[in-house]
Amino acid sequence: MPTETLQDAAPKGRALQPAVSPERVDKIGAAAYRIRHHALNMGEVQGQGYVGQALGAADMLATVYGDQLRFKAEDPHWEARDRFLLSTGHYAIGHYAALAEAGIVPVEELETYGSDDSRLPMSGMSTYTPGMEISGGSLGHGLTIAVGMALGLRYQGSPARVFNFLSDGELDEGSTWEAAMGAHHHQLGNLTAMVDINALQADGKTDTVLRTEPVTEKWESFGWYTQRVDGNDVGALLAASDNAAAQAAAVGRPSVILCDTKVGRGVPLLENREKAHFMRIEEHEWQTCREQLTAGYEGKASA
Amino acid sequence: MSTTTEAPDTAAAAAAAATAAKPKLKTSAMIASFADSGQKTFNAPFGHALVKAAQENDKIVGLTADLGKYTDMHIFAQAFPERFFQMGMAEQLLFGAAAGLAETGLVPFASTYSVFAARRAYDFLCLDAAEPNLNVNIVGGLPGLTTGYGPSHQATEDMAIFRGMPNLTIVDPCDSIDIEQAVPQLAASDGPTYLRLLRGNVPTVLDEYGYTFELGKAKVLRGGNDVVFISSGLMTMRALQAAKALAAHNVDVAVVHTPTIKPFDAETVLKEINTDRLAVTLENHSVVGGLFETVASAVVTAGLGKRVVPVALPDQFLDAGALPTLHDRYGLAVDRIVAKVLAELG
């Protein structure tokens, strides 16, 4: 059983990691751009989909897959891999794009998204897709499974880390907080939660559906190493990830990175559209979306 | 005895007076023993079986949700503290984490009361353990009517809830022999399982019948020409007792024990049912969705026009009270079984 105390493992007072280099930011920014591009293409083929969420979370996904996770693209079941658990099954469109970016799923397969017999169903499932660790979708499950995985990996002497991607809507679920307590109790220092706070859920804005704020204080009070960043700022995401990685340990504090994101990020047409859980995009608009995405990315890159 | 001379001279009043004469039984501790006095028992068979299995299989781990002592998991926790995980009173976490442990190649046994596993954590068991067909073993205490604490703790419909879950194996053991032999087989079988736990001093019954537990198999414990009992769980013990009692009435009763409810050994059971004998199912569960309906669907599917008589709990929320009182009230007691069979035979 763990012997190190929480206080020993706490990162407070520890120097932050050196500043993130511009090269790393550019590399992950480019990956995020490609993930967004894949997501728009998938959305167009399907004629619908959770494109808004994929665009909003693209920077988080690019950071994890491009900078943090240890994996072997050709061997998704490699035993020593870090685990990335997508709790929000409907974000699968973004996750598939990230898996393609990571080389785990062929890019050309993305166009099968949501089609009959595809390995890429609308809601993510572990039994369908290589690299998909769990079947998300029933919200509030991911963090409970992550607790078990982190316990199991530690018990078997694996240094692998476990990342759980969840949404602010999932903070409505009591099971998320059961798991938050469990992770702290068992001192799962190799567990990192990433919460996409887009302030939107199925029935409307989060603060009108079930108020979850103050989110930072909640996680802190549950004993987690808590950081809150602009989830569409790659540099901030990398710095927060470095901080989390620096304090990761077999026995220690679990960490959470709270990421404020914008639905539809990178495509002004969608950023400015009335926010909706399931965003409507007309047939003729997809090309406009891609052009706006590219213009924005190239404008930023050349700036 | 105070005879109430003013009361109307009815059978009901007489019965009430007779009841008043006896001291009322008290609801005992949470987990009342259903062992008869003087019966051979074995203490904590599940806990000891899990320890034994874990000595041979280093992948086995144990979890509980603040009910280690009440599910005999504490025996395992004492033997393998580093392989035991206390998850607190958080059943969704318990089973989500069990699935996560199984994802890493371990073989978790996760215990709580059946009501909490079935009613409270179903979604987690269904999607996190059963859909990916993980070797997650659910251990549910207080199955059916094994506590007098009322509907909050009486899992009278646990099998009805769980039978609809694809991939899940359901085992309803009769006694300490069944549990001892089932545990290693549950660990060895792929996919999720649900064990209806009997804990504490559990009767030892089946050793007299040359019986061995085989996952997925029903066993004929005794033959008989007039009646065939198809039973599971602790009701197999009652079925055997009722069969002996019925012999005194010159009624010859066969007993078929079917501890695996799913997948169901329809072949063995239908062979026994497809005779001229009176067929009776006996289960410690609601008449809805348990053994009776499992048998009934097998009978209908096979096209047998055969009547089957259920001995089961009624489709209602049951009373609180002392277990012997309740078993008698709801028809699980041996005397009630005997009376029902005699009435059926006319």
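Computed from a predicted structure; not experimentally measured.

1. Considerations on the overall build of chain B
Part 1: For chain B, the count of helices and strands is 13 helices and 14 strands.
Part 2: Over its C-alpha atoms chain B spans a radius of gyration of 21 Å, differing by no more than 12% from the 20 Å that the globule rule assigns to 346 residues.
Part 3: For chain B, the spread of C-alpha atoms along the principal axes amounts to about 70 × 50 × 35 Å.
Part 4: Residue burial in chain B is summarised as follows: out of 346 residues, 51% are buried.
Part 5: Nonlocal contacts in chain B, meaning residues at least 24 apart in sequence, comprise 79% of its contacts between residues at least 6 apart.

2. Observations regarding the pairing of strand β3 (residues 191-197) of chain A
Here is the key point about a regular strand: its side chains alternate between the two faces of the sheet.
All names here are of chain A.
Part 1: With seven of seven residues buried, β3 lies mostly within the body of the structure.
Part 2: Burial of β3 is two-sided: the residues L191, A193, V195 and I197 facing one way and the residues T192, M194 and D196 facing the other way are all buried.
Part 3: Alignment of strand β2 (residues 162-167) against β3, held across six bridges, turns out to be parallel. Its bridge partner being in β3, F165 is matched across the sheet by M194.
Part 4: In this fold, β2 hands off to helix α6 (residues 174-185), which returns the chain to β3; that crossover is right-handed.
Part 5: Note: β3 against strand β7 (residues 255-260), six bridges, orientation parallel. Among the inter-strand pairings, D196 is bridged to a residue of β7, identified as C259.

3. With respect to the sheet that holds strand β11 (residues 253-257) of chain B
The strands making up a sheet associate through backbone hydrogen bonding, with each pair oriented either parallel or antiparallel.
All names here are of chain B.
Part 1: Ordered in space as β9-β11-β10-β13-β14, the five strands form an open sheet in which the pairing is mixed. The outermost strands of the open sheet, each flanked by one partner alone, are β9 (219-222) and β14 (308-313). Across this sheet, the average inter-strand angle for adjacent strands is 25°, counted without regard to direction.
Part 2: Pairing of strand β10 (residues 227-231) with β11 involves five bridges; the strand directions are parallel. Its bridge partner being in β11, V228 is matched across the sheet by A254.
Part 3: Where helix α10 (residues 266-273) meets the sheet, its contacts fall on β9, β10, β11 and β13 (278-286), and the angle it forms with β10 comes to roughly 160°.
Part 4: Relative to β13, helix α13 (residues 334-345) is tilted by about 145°, and along the sheet it contacts β10, β13 and β14.

4. Thoughts on the domain arrangement of chain B
Residue and element names in this part refer to chain B.
Part 1: Once the domains are mapped, chain B shows domain 1 (41-203) and domain 2 (213-345).
Part 2: In this complex, domain 1 contributes 29 residues to the contact, which on the side of domain 2 involves 30 residues.
Part 3: Broken down by secondary-structure element, the contributors of at least two residues to the side of domain 1 that touches domain 2 are α7 (158-163), β6 (169-171) and α8 (176-188).
Part 4: Of the residues forming the side of domain 1 that touches domain 2, the biggest block, four residues, is contributed by α8.
Part 5: Here the side of domain 1 that touches domain 2 is built from residues that sort into 14 nonpolar, nine polar and six charged.

5. Description of the interface of chain B and chain A
Part 1: The partner chain A presents 22 residues to the 23 residues of chain B that form the contact.
Part 2: For the side of chain B that touches chain A, the secondary structure elements donating two or more residues are α4 (91-103) and α6 (122-130) of chain B.
Part 3: The biggest single contributor to the side of chain B that touches chain A is α4(B), with nine residues.
Part 4: Within the side of chain B that touches chain A, the residues separate by chemical class into 13 nonpolar, five polar and five charged.

6. Description of the nonpolar core
Part 1: Residues A:I93, A:Y96, B:L94, B:A98 and B:F229 are the most contacted members of the largest nonpolar core, which totals 194 residues.
Part 2: In terms of residue count, helix α3 (residues 51-68) of chain A provides more of this core than any other element does, ten residues in total.
Part 3: Shared between two domains, this core takes at least three residues from each, and those domains are domain 1 (41-203) and domain 2 (213-345) of chain B.
Part 4: Among all residues touching A:Y96, those that are not within four sequence positions of it are A:M42, A:V105, A:L110, A:Y113 and A:L120.

7. Side note on the packing of α3(A) against helix α4 (residues 92-101) of chain A
All names here are of chain A.
Part 1: Between α3 and α4, the least distance of the axes is 8 Å, while the angle of their chain directions is 35°. As for how α3 packs across α4, the hand of that crossing is right-handed. Residue-level contacts link V51, Q53, A54, A57, A58, L61, A62 and Y65 of α3 to I93, G94, H95, A97, A98 and E101 of α4.
Part 2: Of the residues that constitute the contact of α3 with α4, the class distribution is ten nonpolar, three polar and one charged.

8. Remarks on the UniProt feature "domain: Transketolase N-terminal" (unreviewed entry) in chain A
Part 1: In the numbering adopted here, UniProt assigns the feature "domain: Transketolase N-terminal" (unreviewed entry) to residues 34-293 of chain A.
Part 2: End C-alpha atoms of residues 34-293 of chain A are separated by 10 Å, and the span's content is 40% helix alongside 13% strand.

Definitions and limits used
Residues numbered from 1 in each chain as written. Chains lettered and ligands numbered in written order. Predicted model: local features only at pLDDT ≥ 70, side-chain atom pairs only at ≥ 80, totals over all residues. Helix = DSSP H or I, 4+ residues; strand = E, 2+ residues; numbered from the N terminus. Rg over C-alpha atoms; globule rule 2.2 N^0.38 Å. Buried ≥ 20, exposed ≤ 12 C-beta atoms within 10 Å, placed from the backbone. Contact = placed C-beta atoms within 7 Å. Pairing = 2+ DSSP bridges. Right-handed = clockwise from strand over helix to strand, strands pointing away. Axes fitted to C-alpha atoms, helices over the stretch in contact; angles between N-to-C directions. Domains from an automatic or database assignment. Nonpolar A, V, L, I, M, F, W, Y, C, P; charged D, E, K, R; others polar. Core = buried A, V, L, I, M, F, W, Y, C linked by C-beta atoms within 7 Å. Left-handed = near helix turned anticlockwise from the far one by under 90°. UniProt positions renumbered as here; feature names shortened; annotations may be inferred.

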